[in-house]
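Okay, here's what each chain looks like letter by letter:
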Amino acid sequence: MIGTNVAPRNENFLQVVNSYCQLTKPRIIPLLLITTAASMWIASKGEVDSFQLLITLLGGTLAAASAQVMNCIYDRDIDYEMLRTRARPIPAGRVQPLHALIFAVILGVLSFSLFVVFVNLLSGLLAMSGIVFYMLVYTHLLKRNTPQNIVIGGAAGSIPPLVGWAAVTGDLSWAPWVLFAIIFLWTPPHFWALALMIKEDYAQVNVPMMPVIEGEESTVKQIWVYTLLFIPCTFLLVYPLGVSGVIYGIIAVILGAMFLQKAWQLKQAPLDQDLARSLFKFSILYLMLLCTGMVVDSLPMSHQLIAALGDNLTTLVSLIPLS
């Protein structure tokens, strides 16, 4: 029976706070905020307004938290069936679904209000679209019905860069859509590597994740294909868009080569759990470092450094005798 206690109920206020915090799945949110911040730095050419950054990240946190709480409510039946998730607040009986829903709505309203009052309407609408897409398209329509769930559903996690760009500029150009595409295509290798590790959990509750339906060999082939798709996309920011430069380009090349190597190793040994775990962990580090590269490359001092190096190189070349 769903809602049966498998853990002690909250006994004090701190435990209540902790239970509601767990509903937001806080470990997922920082990666979304990093992509938002990177987009803002590129859009502002390295000169982000600190207040605008703070409000946008706070609004994004609240929107992501709202979506995760709703996901916990919707998936409480399968969360109870899986040992890995049975101790979560709702299946454990520490938070009632109605109370969680009220909490999720409050988080969503606060997020939208912050964007509209302190940033702009477009960023607020984009943040809300992320919640709607995550719940309606991924959680409700796709997750339990098709092994392509994370491919299409990955669009929800690709929205934060659009929010960040809109927060700075008030519109959407090609650059934020390239950022969207990078994360959209990065998501299947990232998530399927995890799914390979917890395949049996999904099989137990009949969630048709790729490894469950297609098997490990087919899954790692798909991981390889999507890796070959998203890595070239990372260079579009350098050419033809020109919103990122040499520093980011070097970082993207190094990280891309490492990602390709790990995906290829997994392709050669689809059943190797250690390789799947290694790819999953590296995929998180990859995105964090790639976004850090975007930020560093956008800074005015980085532009000055590259310009100075270019001038010095030109001077050095001019001193070389032609004969």
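Look above for the structure.
Predicted model, so just to flag it, every value in this text is computed and none were measured.

A look at the environment of Leu179
So, point 1. Tracing the chain through its elements places Leu179 in helix α9 (residues 174–197).
So, point 2. Taking the relative accessible area as the measure of exposure, Leu179 reaches 5% and is therefore buried.
So, point 3. Sequence spacing of Leu179 and Cys291 is 112 residues, and the spatial spacing of their C-alpha atoms is 9.9 Å.

Digging into the nonpolar core
So, point 1. If you look at the biggest cluster of nonpolar residues, it comprises 89 residues, and the most contacted ones within it are Trp186, Phe191, Trp192, Phe259, Tyr286, Leu290 and Met294.
So, point 2. The element best represented in this core is α9, accounting for 13 residues.
So, point 3. Those residues in contact with Trp186, other than ones at most four positions away along the chain, are Leu31, Phe230, Phe259, Ser283, Ile284, Tyr286 and Leu287.

Some thoughts on unusual backbone geometry
Keep in mind that most residues, glycine aside, have a negative phi and that most peptide bonds are trans.
So, point 1. That bond from Tyr239 to Pro240 is cis: its omega, 15°, falls within 30 degrees of zero.
So, point 2. Mapping Pro240 onto the fold places it in the loop between α12 (216–234) and α13 (246–268).
So, point 3. If you check the backbone angles, Lys25 has positive phi at about 50° while not being a glycine.
So, point 4. Within the secondary structure, Lys25 sits in the loop between α1 (13–23) and α2 (29–43).

Some details on the packing of aromatic side chains
So, point 1. A complete count under the given rule lists 12 aromatic pairs for this structure.
So, point 2. Between Phe180 and Phe184, the aromatic rings sit 6.1 Å apart at their centres with planes inclined by 10°, giving stacked as the arrangement. Placement of both Phe180 and Phe184 in helix α9 is noted, with a separation of four residues, approximately one turn of the helix.
So, point 3. Phe180 sits in the buried class, given a relative accessible area of 17%.
So, point 4. Overall, Phe184 belongs to the partly exposed group, its relative accessible area being 23%.

Procedures and definitions
- Residues numbered from 1 in each chain as written.
- Predicted model: local features only at pLDDT ≥ 70, side-chain atom pairs only at ≥ 80, totals over all residues.
- Heavy atoms only, no water.
- Helix = DSSP H or I, 4+ residues; strand = E, 2+ residues; numbered from the N terminus.
- Buried < 20%, exposed > 50% of the residue type's maximum accessible area, 1.4 Å probe, protein only.
- Core = buried A, V, L, I, M, F, W, Y, C linked by side-chain atoms within 4.5 Å.
- Contact = heavy atoms within 4.5 Å.
- Phe/Tyr/Trp six-rings, centres within 6.5 Å; stacked < 30°, edge-to-face > 60°.

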